[in-house]
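Listed below, chain by chain, are the residues.
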Amino acid sequence: MPLIAVIEALLKQPPIPFKPEQQSLKGWVMYCLRDRGFKVIYAQNADFAIETREGGKVYFNVTEATVEQDSNTVWIVRDRATQQITVLPPQA
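Residues numbered from 1 in each chain as written. Predicted model: local features only at pLDDT ≥ 70, side-chain atom pairs only at ≥ 80, totals over all residues. Heavy atoms only, no water.

## Some words on the pairing of strand β5 (residues 85–88)
Residues Ile85 and Val87 point to one face of β5 and are all buried, whereas Thr86 and Leu88, pointing to the other face, are not buried. Where strand β4 (residues 73–78) lies against β5, four bridges are found, and the strand directions are antiparallel. Its bridge partner being in β5, Trp75 is matched across the sheet by Leu88. Hairpin connection from β4 to β5: six residues lie between these consecutive antiparallel strands, with Gln83 at a positive phi of about 65°. (Buried < 20%, exposed > 50% of the residue type's maximum accessible area, 1.4 Å probe, protein only. Helix = DSSP H or I, 4+ residues; strand = E, 2+ residues; numbered from the N terminus. Pairing = 2+ DSSP bridges.)

Spelled out as structure tokens, the structure:
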């Protein structure tokens, strides 16, 4: 299963629910990923990165606004109205 699909499935069934009054969306996403064993690391030009087993990095940004996809960042978008999470892969 591709990394993007795994992350989207994880965020649809998170270990804890997102509570905006208690935490930021970025902090919640990073917690959920770390809880499932992902190696979440600092990224200078993104909100964070995940280091893959092969040693590569996948860069992520997190938002509740509409986004324009770019060629090297995965976007995690939360719709405030529906409470749904969508993971948008980088544009080819």
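Anyway, onward from the coordinates.
## A few points about the side chain of Thr73
Take Thr73: it is sitting in strand β4. Judged by relative accessible area, which is 5%, Thr73 ranks as buried. There is a polar contact of 3.2 Å between the side chain of Thr73 and the side chain of Asn72. Thr73 has contacts with Tyr59, Phe60, Asn61, Leu88, Pro89 and Pro90, leaving out every residue within four places of it along the chain. (Polar contact = N/O pair within 3.5 Å; in protein donor to acceptor, adjacent residues only side chain to side chain. Contact = heavy atoms within 4.5 Å.)

## What about the nonpolar core?
The biggest cluster of nonpolar side chains holds 21 residues, and the ones touching the most others in it are Ile7, Val29, Leu33, Phe48 and Ile76. Where this core is concerned, the elements lending two or more residues are α1 (3–12), α2 (25–35), β2 (48–51), β3 (57–63), β4 and β5. Among the elements that line this core, the one with the most residues is α2, at six residues. Setting aside chain neighbours within four positions, we find Phe48 in contact with Val29, Met30, Leu33, Val40, Ile41, Ala43, Val58, Tyr59, Phe60, Val62 and Ile76. (Core = buried A, V, L, I, M, F, W, Y, C linked by side-chain atoms within 4.5 Å.)

## Quick look at the pattern of salt bridges
Side chains bearing opposite charge may pair, as long as their charged atoms lie close to each other. Overall, the coordinates contain four salt bridges when judged by the stated rule. The partner of Asp35 in a salt bridge is Arg36, and the shortest N-O contact between them spans 2.9 Å. Judged by its relative accessible area of 46%, Arg36 falls in the partly exposed class. With a closest N to O distance of 3.1 Å, Glu64 and Arg80 form a salt bridge. (Salt bridge = Lys/Arg side-chain N within 4 Å of Asp/Glu carboxyl O.)

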